[in-house]
Amino acid sequence: MEALTTDHLPTRQEINAYGEAARKIYEPLRSKLEAKYWGKYITIHPVNGDYAIGRSLEAADNKLRKKYPEVIFYTIRIGYRAVAHFGGRGASDGKRPERNGHD
Amino acid sequence: MIKGKIEDGLHPKTRVEISGNFAAKKFSLLVDTGFDLDIALHHTEASNLGLKAFGVVSLDYANGEKADEPICLARVLWHGKWKRTTIALSKDEEPAIGTRLMQDLVVTLNFGNNRLTIEEHAKFKSKKRR
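## Things to note about the overall build of chain B
For step 1, the next point in the chain: Assigned secondary structure in chain B consists of one helix and 10 strands.
For step 2, the next point in the chain: In sequence order, chain B lays out its α and β elements as β-β-β-β-α-β-β-β-β-β-β.
For step 3, the next point in the chain: A globule of 130 residues ought to have a C-alpha radius of gyration of about 14 Å, and chain B, at 15 Å, matches this closely.
For step 4, the next point in the chain: With the principal axes as the frame, chain B shows a C-alpha extent of 35 × 30 × 25 Å.
For step 5, the next point in the chain: Within chain B, the proportion of its 130 residues that are buried is 35%.
For step 6, the next point in the chain: Here the analysis covers contacts within chain B between residues at least 6 apart in sequence; of these, 56% occur between residues at least 24 apart.

## Things to note about the pairing of strand 1 (residues 41-44) of chain A
All names here are of chain A.
For step 1, the next point in the chain: Burial of the side chains of strand 1 extends over both faces: Y41 and T43 are buried on one face and I42 and I44 on the other.
For step 2, the next point in the chain: Direction of pairing for strand 1 relative to strand 2 (residues 51-54): antiparallel, over a ladder of four bridges. Bridge assignment links I44 to a residue of strand 2, and that residue is Y51.
For step 3, the next point in the chain: Hairpin geometry of strand 1 and strand 2 is characterised by an intervening segment of six residues between the two adjacent antiparallel strands and by a positive phi of about 85° at G49.

## With respect to the pairing of strand 10 (residues 115-120) of chain B
As a general feature of sheets, a regular strand has side chains that alternate between the two faces.
Residue and element names in this part refer to chain B.
For step 1, the next point in the chain: In the sheet, strand 1 (residues 2-7) pairs with strand 10 via four bridges, with the strands oriented antiparallel. Bridge pairing in strand 10 links G4 to L116.
For step 2, the next point in the chain: Across six bridges, strand 9 (residues 105-110) lies against strand 10 in antiparallel orientation. Within strand 10, the position partnered with T108 by the bridge is T117.
For step 3, the next point in the chain: Here strand 9 hands over to strand 10 after four residues, with N114 in that stretch at a positive phi of 60°.

## A look at the nonpolar core
For step 1, the next point in the chain: In this structure, L29(B), I39(B), C72(B), I87(B) and A88(B) are the most contacted members of the largest nonpolar core, which totals 52 residues.
For step 2, the next point in the chain: Of the residues forming this core, the biggest block, five residues, is contributed by strand 6 (residues 66-78) of chain B.
For step 3, the next point in the chain: Discounting residues that sit within four places of it in the chain, A88(B) has contacts with A84(A), L37(B), A40(B), L59(B), E69(B) and I71(B).

## Some remarks on the interface of chain A and chain B
For step 1, the next point in the chain: Chain A puts 28 residues into the contact, and the matching count from chain B is 24 residues.
For step 2, the next point in the chain: Elements with a contribution of two residues or more to the side of chain A that touches chain B: helix 1 (12-26), helix 3 (57-65), strand 3 (73-77) and strand 4 (84-85) of chain A.
For step 3, the next point in the chain: Grouping the constituent residues of the side of chain A that touches chain B by class yields 13 nonpolar, 10 polar and five charged.
For step 4, the next point in the chain: Sheet topology note: the strand 3 of chain A/strand 5 (residues 53-60) of chain B ladder contains three bridges and is parallel. Paired with Y74(A) across the two strands is V56(B), which belongs to strand 5 of chain B.

## Description of unusual backbone geometry
Residues and elements named next belong to chain B.
For step 1, the next point in the chain: In the Ramachandran plot, H79 falls in the positive-phi region, its phi being about 55° despite a non-glycine side chain.
For step 2, the next point in the chain: Mapped onto the fold, H79 is located in the loop between strand 6 and strand 7 (81-90).
For step 3, the next point in the chain: A residue is classified by how many C-beta atoms lie within 10 Å of it, and H79, with 12 of them, is exposed.
For step 4, the next point in the chain: We note that N114 has phi near 60°; this positive angle belongs to a residue other than glycine.
For step 5, the next point in the chain: Relative to the helices and strands, N114 resides in the loop between strand 9 and strand 10.

Reading guide: rules and limits
- Residues numbered from 1 in each chain as written.
- Chains lettered and ligands numbered in written order.
- Predicted model: local features only at pLDDT ≥ 70, side-chain atom pairs only at ≥ 80, totals over all residues.
- Helix = DSSP H or I, 4+ residues; strand = E, 2+ residues; numbered from the N terminus.
- Rg over C-alpha atoms; globule rule 2.2 N^0.38 Å.
- Buried ≥ 20, exposed ≤ 12 C-beta atoms within 10 Å, placed from the backbone.
- Contact = placed C-beta atoms within 7 Å.
- Pairing = 2+ DSSP bridges.
- Core = buried A, V, L, I, M, F, W, Y, C linked by C-beta atoms within 7 Å.
- Nonpolar A, V, L, I, M, F, W, Y, C, P; charged D, E, K, R; others polar.

Here it is in C-alpha cells:
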C-alpha cells in the first residue's frame, strides 16, 4: 500500500484500507498508550508506522506533518470508540486505567 | 452574533458560508449538540467545494455504526471572519455544526420564539483549546 496524499479525496476503498493498516499498527501499542495518554490523540502514518501524540486532533497531526507534509494520516482518540461522535455517543472503548501521574 | 431559527419548532439551523479550493457555498447547518467535532458535510458537497483530505478518522454515527471517514480543512465565515475549520465528511446528507465549533461561545436555543443565537462573550474569549 502506498501512502495517500493530500491532493485529493480518497476513495472508500482507500479509506478502508488505510483504517485497517493504521489499526494494525495501533493494536500492539494500545495498552501502553491507554495507560499513559488516555483521551489524547495519536496520528499514525499507516504505511511506515511512524506516529505522533497530541492534545487535539490537529496538534497530533501537525507534529507528524512536519515530517510528511503531503501525506494523509489516520488519527485515533486513545481509549475512545471513535474520534468524533454523532448523537452524543462519546463513549470510550473501556474502563480508563488507573491514573499514573503522566497526564 | 450569528442568528438562526428552529425549523418546525424542532431543528435548530443556521446559514454558514464554507469555502474550499474550488468554490464557496452557504449551507443551512443543523446545530447538533450530539456531534463533537466542528462541521460535518456530505462527501458530494465536499467534492463540489474542492476540499482535500488531510486525514482519516473513525466516526461513531448515531445509529451505532462506526465508519472511517476523511477529514478536510476549509474556511468558514464565522462571526464575520474566515476561520480555518476541520470538516468531517459524513454519509449523512444533512450538514451539521458540532459542539467543538461552539467552544467559548454562548449558544441560545429559544423554543418559545424559534430563534437561535450564537454569541461571542468577552468572558470566554481568552480560552484557547486547540
